[in-house]
Every structure is written in C-alpha cells, then in structure tokens.
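Observations on the three-dimensional arrangement
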Amino acid sequence: EKKPVLTNDPDNDPRSGGVPMGHESIQTYLGLPFLVYEELVGALMLSNRSGGYSDADIDQLGPLCEISAWMIQAARNA
C-alpha cells in the first residue's frame with residue numbers, strides 16, 4: 001500500500017516483519033511514502049521517537065514528503 005505506516009507497538013503490529021539480526025529494536029515507527037502521481041519514488045522512515053508518533057506527525061511531514069518526491073522525480077528526469 002502507498003499510505004503512511006504508523007505504529008507505536010511494532011512487536012504486536014501484524015504489518016511488522018521484524019528487524020534483521022543485529023539491528024536495533026524498533027519501539028515506534030513512522031513510514032511515509034514519496035509519491036508522484038501515485039507512483040512510489042521514495043520514502044522516509046523514522047523510528048524510536050520518545051512518546052511515539054501520531055497523525056499530526058504525518059500531517060506535519062506531508063509537505064516535506066511531497067517536495068522530496070518531486071525532487072527525486074526531477075533528478076531522474078534530468
């Protein structure tokens with residue numbers, strides 16, 4: 001799916017695939033897609049924020065994700 005992924009309990013989230021051996025544990029997670037016309041061109045992944053993540057974080061980071069997506073697309077087309 002090309003939607004944000006937010007979990008403040010990844011150990012009990014059915015979407016979680018775990019972490020590779022030796023990787024730091026993930027206590028909270030926010031993944032945001034970079035989309036250009038519904039095409040996924042990149043993503044921002046954040047983890048382990050004290051107090052977790054919220055929908056407000058998704059809203060606040062939305063413009064950054066949009067600008068980043070268009071910058072990636074422009075670089076690919078250059």
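Structural data are supplied above this passage.
Just so we're clear, the structure is a prediction, and the values are computed from it rather than from any experiment.

On to the overall build of the protein. In terms of helices and strands, the protein carries one helix and three strands. Mapped from its N terminus to its C terminus, the protein presents α and β elements in the order β-β-β-α. Overall, the protein is about 40 × 30 × 20 Å in size when its C-alpha atoms are taken along their principal axes. For the protein, with 78 residues in total, the buried portion stands at 26%. Here the contacts in the protein between residues at least 6 apart in sequence split such that 49% fall between residues at least 24 apart. Across the protein, the centroid of the 5 positively charged side chains sits 5 Å from that of the 11 negatively charged ones.

Bringing the nonpolar core into the picture now. Core analysis: the largest hydrophobic core is formed by nine residues, namely Leu 30, Leu 32, Phe 34, Val 36, Val 41, Tyr 53, Ile 58, Cys 65 and Ala 69. Put simply, the parts of the chain that give this core at least two residues each are strand 2 (29-36) and helix 1 (55-77). Of the residues forming this core, the biggest block, four residues, is contributed by strand 2. Those residues in contact with Ala 69, other than ones at most four positions away along the chain, are Phe 34, Leu 35, Val 36 and Val 41.

Cut-offs applied
- Residues numbered from 1 in each chain as written.
- Predicted model: local features only at pLDDT ≥ 70, side-chain atom pairs only at ≥ 80, totals over all residues.
- Heavy atoms only, no water.
- Helix = DSSP H or I, 4+ residues; strand = E, 2+ residues; numbered from the N terminus.
- Buried < 20%, exposed > 50% of the residue type's maximum accessible area, 1.4 Å probe, protein only.
- Contact = heavy atoms within 4.5 Å.
- Lys, Arg positive; Asp, Glu negative; His and termini not counted.
- Charge placed at Lys NZ, Arg CZ, Asp CG, Glu CD.
- Core = buried A, V, L, I, M, F, W, Y, C linked by side-chain atoms within 4.5 Å.

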